[in-house]
Structures are given as structure tokens and as C-alpha cells.
Amino acid sequence: MFYDVIVIGAGLAGLMAAEAAQSQGARVLILARGMGSLPLTTGCIDGLGYFPRTANVSLSSPLSALPQLKKDYPHHPYAIVGQEKIMHAMARFQELCRVIGLPYSGTFNTTLLLPTPLGTYRPTCLVPETMNQGNLSIPGPVLLVGLRGLKDFSPFLAAENLNILYAQGKVASSFRAEILGKLDWGKKAANGLNLARAFDGEDFRKAFVKNVQPILKSGERLGLPAVLGFHSPAEVLADLKKKLQADVFEIPMPPPSVPGIRLFRKLQMYLQEKGVRIILGLSTLDPRQESKRLLGFSLGFSKKSPIYQAAAIVLATGKFAGGGLDSDRGRIFETLLDLPIKYPQNRREWFRPRLLAAEGQPFNCFGVEVNENLQPVDPEGRVIYSNLFAAGAIIAHGDSMSEKSGGGIAISTGYLAGKLAAGFGGKNKFTTDKNG
Amino acid sequence: MKTEVVVIGGGATGAGVLRDLALRGIEAVLLEQEELTSGTSGRNHGLLHSGARYAVNDPDSARECLAENKILKKIASPCIEPMGGFFLALPQDPPHYADDLLRACAGLDLPAVEVPPADVLQKEPALSPKIKRAICVPDASIDPFRLIRSNVEEAERLGAKIFPHRRVVAIFTADGTIHGLQAIDSKTGEEFHIACRFIINAAGVWAGSVARMAGARLDILFSKGSLVILNRRLVNSVINRCRPPSNGDILVPHGPALIIGTTSQTVTAIEDPSPEEEEVDLLLSEGETILPEIGSTRAIRAYAGVRPLMGAREAGEDSRKISRDFLLLDHGEADQIKGLFSIVGGKLTTYRLMAERTVDEIVKAMGGKTSCTTAGKPLPFPEEYTFHDLGSKLRKIGPSKSIPQTGEILCECELVFREDIVREIQNQPYSSLKEIQERTRAGMGPCQGGFCSPRLTALLSESGKIPPGTSLPILKRFLEERWKGTRPVMWGPQLREEQLIQALYTEFFNLDHF
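Calculation notes
Residues numbered from 1 in each chain as written. Chains lettered and ligands numbered in written order. Predicted model: local features only at pLDDT ≥ 70, side-chain atom pairs only at ≥ 80, totals over all residues. Helix = DSSP H or I, 4+ residues; strand = E, 2+ residues; numbered from the N terminus. Rg over C-alpha atoms; globule rule 2.2 N^0.38 Å. Buried ≥ 20, exposed ≤ 12 C-beta atoms within 10 Å, placed from the backbone. Expected span 1.5 Å × (residues − 1). Arc of directions from axis to C-beta. Contact = placed C-beta atoms within 7 Å. Nonpolar A, V, L, I, M, F, W, Y, C, P; charged D, E, K, R; others polar. Core = buried A, V, L, I, M, F, W, Y, C linked by C-beta atoms within 7 Å. Domains from an automatic or database assignment. pLDDT = per-residue confidence, 0-100.

## Quick word on the overall build of chain A
Here's step 1: When you go through chain A residue by residue, the secondary structure sums to 11 helices and 17 strands.
Here's step 2: Expected size for 436 residues packed as a compact globule is a radius of gyration near 22 Å; at 23 Å, chain A falls within 12% of this value.
Here's step 3: Summarising its shape, the C-alpha atoms of chain A cover approximately 70 × 45 × 40 Å along the three principal directions.
Here's step 4: Here chain A holds 436 residues, and the buried ones make up 55% of them.

Here is the structure:
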């Protein structure tokens with residue numbers, strides 16, 4: 001089976017690469033071990049929250065920091081992609097999200113501060129419209145409402161800590177907390193997914209509104225855990241706003257994250273409609289190569305295992321959490337192609353003694369080295385496979401955790417890698433006389 | 001405050017002494033600078049020795065262990081898993097040691113029986129097939145946290161008082177006789193005076209500095225031992241290497257986990273001992289030689305304890321050669337300070353005996369005659385207590401569809417319910433997540449509290465028992481402590497999960513900027 005581009009990985013970088021390649025007319029296949037890492041993310045697209053990483057205050061604009069970042073970290077994924085293409089990629093992402101019915105607001109030129117369930121704030125950049133009113137620079141009172149049984153959201157803890165920030169003048173919104181106990185979402189366990197599905201139903205929303213109305217004061221915005229609908233959050237949000245006559249917003253929750261899952265599902269469906277083939281849940285991917293070119297992958301080690309071939313490959317497998325990197329007691333390795341990874345020999349140096357050190361943990365920066373075309377290179381800077389491009393967290397030198405840059409890196413490198421791979425595939429199409 | 005006896009130290013020895021005093025009707029107060037089991041008593045193998053480990057080099061210790069092993073199996077059976085153990089010789093181990101061990105055990109009436117290696121492999125198929133000889137001994141695992149709490153709880157019921165977070169800063173004497181001490185509440189900074197006639201110094205590695213406060217002399221050698229916890233049990237017996245004591249030669253299964261220890265390193269710093277990457281690697285490679293599956297099993301945490309050892313002046317390089325026997329010192333004789341007794345050294349297995357001997361001395365000094373009853377009286381255990389047995393919790397939960405909506409599981413690794421944690425928080429003035437964890441086992445599983453600690457923080461905050469604005473510092477302190485234990489075992493699946501957990505705290509909660 002022949003494709004122009006095979007994308008390995010179904011996280012945000014992989015999906016963006018597939019979209020970028022597909023929109024250039026390439027036939028695209030996505031192969032992934034799991035369902036990608038979007039369900040593990042907030043659903044927000046972080047741009048660049050802190051630069052330098054140790055800065056006390058978050059950046060007001062990721063865009064404005066790019067020239068300095070390029071000087072200080074010439075190998076950083078943002079430095080490699082460059083400002084112009086980053087902006088194109090972001091615009092493309094926002095357009096795509098409008099098309100799939102999950103509109104995002106914000107720009108790469110501004111930082112938004114959103115509340116977290118711990119009552120801290122996090123700097124981010126593009127946010128689902130369901131989270132818009134959570135922007136902590138909007139003045140006025142907020143009522144946080146929790147749902148009994150939803151264990152990762154304590155409105156009391158969040159309100160207490162956010163009010164400390166309010167008193168310090170660091171946020172403009174003030175907070176009050178209530179918890180609802182009596183709602184019925186069937187006999188299912190109280191987790192984000194079950195609640196989101198319940199919110200899709202109008203009867204549940206009616207009951208919810210009836211419980212909230214008496215406790216919501218006029219002029220208050222209503223902050224809820226991010227469970228407002230699994231299929232149709234825009235509809236759920238509009239309905240709640242209308243019924244309550246108040247602004248309503250979602251607060252991102254720890255994984256599994258409903259907004260992340262929504263984005264994954266809608267992007268997946270969109271790509272499939274456009275003809276992209278997606279195969280998830282693969283346990284084995286056996287690469288096939290000849291000299292300095294990757295031919296494709298066999299889904300298993302037997303002779304009968306299907307082989308998928310492509311002119312170009314995008315590697316978007318993530319770091320450790322995504323499965324792109326792995327380690328043993330003294331070694332770090334890239335899991336699919338054993339690409340070279342730079343890391344200190346002494347395991348102690350993979351980490352810092354303090355966990356929450358603002359400069360970040362060294363291991364979060366490990367990854368493959370790439371050239372200006374996102375092609376993995378060896379320590380001498382030579383391209384390893386002529387038709388291989390890397391995207392997302394697998395690329396070294398970005399630290400999404402301390403920089404708060406994960407979504408932006410995924411989108412911009414995914415977009416660029418997808419385009420480059422499609423361009424490469426266009427010039428080097430398989431001739432169909434090779435065994436079919 | 002006024003009392004008869006003050007016990008300093010909330011480890012096994014102090015808890016045992018407090019119970020013994022209370023059972024003999026002697027008024028007593030226990031002061032602990034941190035929490036019960038914060039020191040060495042909470043940082044060991046959780047091994048109830050049969051005595052065989054000491055039979056060759058230290059027969060006195062072995063004899064005491066054997067006797068106490070039998071007593072504790074009677075009075076503390078709920079917190080003991082009497083699984084039995086083996087001494088196993090590999091081809092590279094000194095061939096004479098097995099014979100030495102058998103001979104020494106025979107001399108002590110210690111039931112050590114040589115069994116064919118094939119029989120052991122049938123019982124424990126994960127062991128290395130290279131085993132040459134195997135000796136079966138009555139080792140067991142023991143839950144030190146529960147054991148010590150049961151001692152303290154019984155003492156409290158009989159009128160004794162316990163004060164955690166009280167650091168002793170001065171001991172007062174007049175005419176060479178103890179008459180009181182001063183402590184500081186480490187949470188509030190408040191001073192705390194107690195008038196008393198006797199002080200029992202059971203401060204473990206800190207015993208030397210306590211003795212010095214009274215002007216007495218007590219020299220202790222410090223030996224750091226590191227241990228690693230694996231998230232699978234792998235064996236159902238305590239496994240000892242059949243060779244002179246060395247690194248990584250004891251493996252103890254505990255509930256669903258396996259503990260490998262220890263190292264032995266002479267140290268001078270005793271506060272906050274941390275395991276090092278090199279020690280972890282050493283323990284695992286030693287462990288692998290006898291139990292090859294260790295290499296492919298997830299290590300979930302490493303920790304270290306400091307042993308207080310006697311005989312510092314005679315000690316050579318290797319602190320394992322020093323007797324682990326305990327020392328009971330009457331400073332009235334040694335330093336002309338009447339009323340001060342130090343009890344140091346020993347082992348978790350012999351804590352009760354150490355307490356008995358100590359309280360005998362106190363009673364003698366008081367001119368009384370009451371005798372010790374701790375060996376015959378079972379310790380109290382709460383009805384719901386089980387020796388961290390995951391199976392019983394699963395049975396309690398039943399099939400997934402029967403989970404009631406109120407029955408929220410806050411710690412998925414160890415199946416701890418919200419109700420269990422709320423109850424604990426209501427009962428105690430907690431100020432750290434670690435204390436809640438030790439009592440409920442929340443956060444003791446493979447993710448080491450990575451996912452449930454924000455939930456615990458929320459419950460603590462909602463309980464109103466911590467001042468506003470302290471919840472994030474409490475969570476951060478917990479995470480930094482956790483990192484000390486998880487960092488040395490960070491590779492493979494553990495590192496993979498850790499990246500997700502760190503993303504939660506940094507990328508998501510942005511705690512690195514709070």
C-alpha cells in the first residue's frame with residue numbers, strides 16, 4: 001500500500017502534519033500506537049509562557065520574544081520554524097478549528113492567563129471559546145461550581161488560592177465557590193467523560209440550571225470544570241448562557257481532558273473525511289529502509305504483516321510520555337528508528353535535585369536533532385534519512401513544561417513538516433510497478 | 001506540665017517504651033521532633049528477623065531476634081505476614097557460609113532447615129536457577145508504621161500522652177538529677193516545659209545530641225542504608241543471600257511490592273538521608289543476580305535510613321561488622337546524671353525487648369517492683385486494618401457497576417476512598433500530605449501520589465484544618481519530597497509516567513511559577 005506521506009503519531013503535531021500534507025494534495029496515512037497525546041492536554045494551545053524560562057512574570061506576547069529566543073536557543077523548534085511560518089501555522093490551526101466546530105480565540109501575539117483547578121493560573125495563547133470568559137484579566141466576580149464526585153475539581157481550593165492572587169492584584173477576577181450534590185447522571189462513575197456526555201443531554205442541563213440558578217448572583221460569571229458537552233460544547237455553552245443569563249466558561253482539568261479529546265475526535269473525523277487514513281492502536285511498527293531512505297513500515301514481524309510504504313515520513317512520536325523516547329538505567333533512545341539522542345552519560349544529570357525548578361528538568365529537552373528542514377541529523381549534522389521529517393515534542397531543545405510552549409511547537413513544526421514531506425513526496429512519487 | 005517519665009523519640013523504641021510504662025501504670029509523655037516513624041523506624045526493610053542473618057557473626061542478636069520474632073507473631077499478628085524466608089547461595093557465594101549458618105543456627109535452636117534448591121524453585125519460580133543451596137528460616141515481613149501506632153494508641157488509652165513536632169532543646173538537672181526539660185513546638189515556635197523525674201532518650205540517631213543536652217556523653221556511629229521499592233512482589237518469601245552481610249542481599253515482599261536493601265555507608269550527616277543513583281543501581285544489580293526479573297520490574301521509589309550503631313570507637317571501615325545489639329545506658333552511673341537513660345541501637349525486631357529492659361531499669365530506680373507484661377498482651381488493631389492487602393480492598397469494592405457514586409476512589413493505585421481520607425483528616429491535625437499517606441496508603445503505589453496529591457491537598461484545604469494560603473506550599477513540599485525518592489529510580493516506564501506527572505504540575509498547574 002503506497003502513500004505520499006506516512007505520519008507516525010496522532011498527537012497534535014501528527015494531526016497538523018497530516019492536514020498540511022493532505023491540503024497539498026498528498027495521500028496521507030497516520031499510524032499511531034495509541035490515540036495521541038491530545039487527551040492528556042488541556043485543549044489550550046500554549047505559545048510561549050515564560051522566556052527566559054526562569055522569568056518570574058509571564059510574557060505578554062510569545063511573538064515578541066521570538067527574536068531573542070532565536071539568539072539564545074538557535075536549535076529551539078521555534079527558531080528553526082521561524083516567525084513567519086509559525087504565524088501561518090497558527091492561522092491555519094484556527095481556521096481548521098472553526099471548520100470542525102471547535103472555534104479557538106486568541107492570537108500568538110497575546111498571552112491569556114487562565115485559572116487551574118488548584119487556583120493557580122497558567123499562561124496560554126489560543127483557547128477554545130468555551131474557556132474564553134475564564135480569562136483572569138476580565139474584572140468582576142466569578143462563581144466556581146463543582147460537582148460532587150468529580151475528584152479533580154475542588155471549587156473551594158481553586159477559589160481560595162485565586163482570591164489570594166486577586167488580593168495581590170495579580171488577577172482581576174474574584175471568586176466564590178459552591179458545590180452541587182444532587183445531580184443525576186445515571187449510575188455511571190463521576191468522571192469528566194461521563195459528565196460531558198450528560199451535559200450533551202437537554203434534561204441534564206435543565207436540572208443543572210435549576211440547581212445553579214438559586215446560587216448564582218447577578219453579575220457573576222460561572223466557572224465550571226471542562227465537562228460541558230462531549231459532542232457539542234458550543235451548543236451546551238450557548239444553552240447554559242441563555243438559561244442562566246450569565247457568562248459561562250470551562251476550566252481545563254487534569255487528564256483525561258474532555259477538551260483535548262474533543263479536539264482529537266473532531267480533527268480525526270475531519271481528516272478522515274478528507275481521505276486521510278488513520279490506523280490507531282498499533283503495537284508493532286517495523287521500519288523498512290534502503291540505504292539512506294525509509295521505505296515504510298510493516299505492521300508486525302511476520303512475512304504476512306501488511307507493509308505500508310510512502311515517499312516521505314513524518315516522525316511525530318513525542319518524547320517519553322508519548323512513547324517516542326524511552327530509557328533504561330543508563331541509556332536514552334529513540335524508539336522507532338534508534339535515531340541518535342544527545343544526553344549526559346550519568347543518569348543523575350538527566351534531572352535536577354529540585355522538581356519544580358523554573359529552569360526545567362534536562363530530560364524534558366531531550367530529543368532528536370534536526371536541520372532547518374526538520375530532518376533528523378546525526379552528531380556531525382548529516383541528514384540520516386533523506387525522506388524523514390520530525391515534528392512536535394520528539395525534536396530536541398524545546399521544553400514545553402517550563403516554557404509553556406507545547407501546543408505552539410506541535411502546531412508549527414507539524415505544519416512545516418507536513419508541507420515539506422508533501423513537497424518531497426510530490427517530487428519523489430512511487431512508481432506503481434514496484435510490487436503492489 | 002508535669003509527669004513522671006518523658007520519652008524522647010517516636011520511633012519503635014520510644015513507642016515500645018511508652019506502652020510498657022503505661023501498662024505498668026507509670027505516668028509518661030512522649031515527645032517526637034517530627035512525626036511517629038519519621039526517623040529510622042519508618043525507613044527500613046519492614047523485616048521481622050528470624051535471627052538467622054546474625055547467627056554467624058552476632059549470636060546474641062540472633063538469640064534476641066528469634067525470641068522476639070515468636071513474641072511479635074503472637075502479639076502483633078495483624079501487621080505481620082509470616083511468610084518464611086530463605087538463605088540462598090549462588091555459585092559465587094562463599095561455599096562454607098551455608099554450613100557456618102546451619103551450625104550457628106543449630107547452636108541457637110533456630111529452626112533453619114536446608115532444602116533442595118529444586119523445591120525452592122518450585123515454590124519461587126522467579127528465583128535464579130543457579131541457586132546451589134537453600135536454607136529455610138522463619139523470617140517474616142512486618143508493617144512498622146502500624147506496629148508503632150498500635151503501641152502508641154494502647155499507651156494513650158492507658159493515659160500516656162504523645163506530642164509530635166516537639167523538639168527537645170534543653171534538659172534541666174539539679175544536683176546531678178534530672179528535673180525537667182524544654183521543648184519547642186516546631187509548628188508554632190511555642191516553648192513547652194515539662195517537669196519530670198526520668199528521661200528516656202530513645203531518639204535514635206539523634207540520641208547523642210539529646211544526651212549532650214544533659215551534659216552526658218554518648219557516641220554513636222551513623223550508617224546510611226538505602227532501599228528500593230519495586231511495584232511487583234515477585235516472590236512470596238523473604239530472600240537472603242547466603243553470604244556474609246553485604247549490599248543488596250535482603251529482599252522482602254510487602255503486599256504488592258518488593259523491597260530490596262540495603263547499602264551501608266558511614267555518614268556524618270543524619271538529617272534527611274537521600275538515596276543516590278549509584279546505590280540504586282548497585283542494589284538492583286545485586287538483586288538481579290538472585291532474582292533476574294528485578295531487571296525488568298518497575299522500581300517505584302528509593303529511600304534511605306540512618307542506623308544508629310554502637311561501638312563507634314572500635315569500628316573499622318565496614319559498619320556491618322559492628323554488633324547491632326542495643327545499648328542501655330544509665331547516665332546516673334556513666335555521667336553522674338541521675339534519672340537519664342539512653343536506649344540506642346537494636347533492631348525493629350527487638351524493639352519490645354529493648355523497651356522491657358529500659359522500663360525494668362526505671363522501675364528499679366523508682367524502687368518499684370511491677371514487671372513487664374508486653375510480651376503476653378496482644379496489641380490493639382483497628383477492625384478495618386489489613387496488612388496492605390490489595391485483594392481485600394478489591395473484594396470490598398466489588399464489580400465495577402456496583403461502585404456507589406459516593407464511593408469515590410481518590411488513589412487509584414492503592415484503592416483508597418475519599419471517605420477513608422476525610423476520616424483521617426478529621427481525626428488528626430495534619431499539616432503534611434505524607435502523614436495522610438502513611439495512614440491511608442494513598443499515594444504509595446506506582447505513581448507515588450503523582451495523581452492523587454492535588455486531591456488530598458483539596459480535602460485538607462476543605463477541612464479547614466490548615467490556614468488559608470498554605471495549601472500550595474504543602475503540595476509543593478510533598479512533591480519535592482516525592483522527587484527525592486523517585487528521581488534515583490527514574491528510567492523506563494517510570495520515567496515515561498513521570499513526564500506526564502511533571503507536565504501536570506508544570507505545564508498544566510504552572511506550579512513551577514508559584
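On we go.
## Some points on unusual backbone geometry
Here's step 1: The residue after A:Phe51, namely A:Pro52, is reached through a cis peptide bond having omega -10°.
Here's step 2: Within the fold, A:Pro52 resides in the loop between strand 2 (28–31) and helix 2 (62–72).
Here's step 3: Cis geometry marks the peptide bond from A:Pro255 to A:Pro256, where omega comes out at 0°.
Here's step 4: Tracing the backbone shows A:Pro256 in the loop between strand 10 (248–251) and helix 9 (258–273).
Here's step 5: One non-glycine residue with positive phi stands out, namely B:Leu234, at about 65°.
Here's step 6: Along the chain, the position of B:Leu234 falls in the loop between strand 14 (221–230) and strand 15 (238–241).
Here's step 7: Located in the positive-phi region is B:Asp272, a residue other than glycine, with phi close to 55°.
Here's step 8: Following the sequence through the fold, B:Asp272 ends up in the loop between strand 18 (265–267) and helix 8 (277–290).
Here's step 9: Looking at B:Asp272, the number of C-beta atoms within 10 Å reads 9, which means it is exposed.

## Here we look at helix 4 (residues 83–99) of chain A
Residue and element names in this part refer to chain A.
Here's step 1: In a regular helix each residue adds 1.5 Å, so 17 residues correspond to 24 Å; helix 4 covers 25 Å between its end C-alpha atoms and thus fits that length.
Here's step 2: When we look at burial in helix 4, the residues that qualify are Ile-86, Ala-89, Met-90, Phe-93, Leu-96 and Cys-97. Buried positions in helix 4, seen along its axis, are confined to an arc of 125° and lie on one side of it. Exposed residues lying more than 90 degrees from the buried face of helix 4 are Glu-84, Glu-95, Arg-98 and Val-99.
Here's step 3: Backbone geometry just after helix 4 places Gly-101 at a positive phi near 85°.

## Let's talk about the interface of chain B and chain A
Here's step 1: Listed as interface residues are 42 residues of chain B and, on the opposing side, 42 residues of chain A.
Here's step 2: If you list the elements that add at least two residues to the side of chain B that touches chain A, you get helix 8, helix 14 (453–462), helix 15 (471–486) and helix 16 (492–508) of chain B.
Here's step 3: Considering each element in turn, the side of chain B that touches chain A owes the most residues, 12 residues, to helix 16 of chain B.
Here's step 4: For the side of chain B that touches chain A, the residue count by class is 19 nonpolar, 11 polar and 12 charged.

## Description of the nonpolar core
Here's step 1: With 295 residues, the main nonpolar core has A:Val5, A:Ala17 and A:Val314 as its most contacted residues.
Here's step 2: In this view, A:Ala17 contacts A:Val7, A:Val314, A:Ala316, A:Ala391, A:Gly414, A:Ala417, A:Gly418 and A:Ala421; residues no more than four positions away in its chain are not counted.

## So, the domain arrangement of chain A
Residue and element names in this part refer to chain A.
Here's step 1: Annotation of chain A at the domain level lists domain 1 (37–282) and domain 2 (284–319 + 327–333 + 340–406 + 426–431).
Here's step 2: Between the C-alpha centres of domain 1 and domain 2 the distance comes to 30 Å.
Here's step 3: Each partner contributes residues to the interface: domain 1 has 19 residues there, and domain 2 has 21 residues.
Here's step 4: Examining the composition of the side of domain 1 that touches domain 2, we find that 3 residues originate from one element, strand 5 (residues 121–124), more than from any other.

## So, the confidence of the model for chain B
All names here are of chain B.
Here's step 1: When the pLDDT values of chain B are averaged, the result is 91; 93% of them are 70 or greater.
Here's step 2: In the model, residues 312–323 has pLDDT below 50 throughout and makes 22 contacts with residues more than four positions away in sequence or in other chains.
Here's step 3: Across the predicted assembly, pTM comes out at 0.90 and ipTM at 0.95.

## Regarding the domain arrangement of chain B
All names here are of chain B.
Here's step 1: Each assigned domain of chain B is listed with its residue range as follows: domain 1 (5–40 + 145–220 + 324–366), domain 2 (78–141 + 221–309) and domain 3 (390–513).
Here's step 2: Here the C-alpha centroids of domain 1 and domain 2 sit 32 Å apart.
Here's step 3: With 10 residues of domain 1 at the contact, the number on the domain 2 side is 9 residues.
Here's step 4: Across the side of domain 1 that touches domain 2, the residue classes tally to 5 nonpolar, 3 polar and 2 charged.

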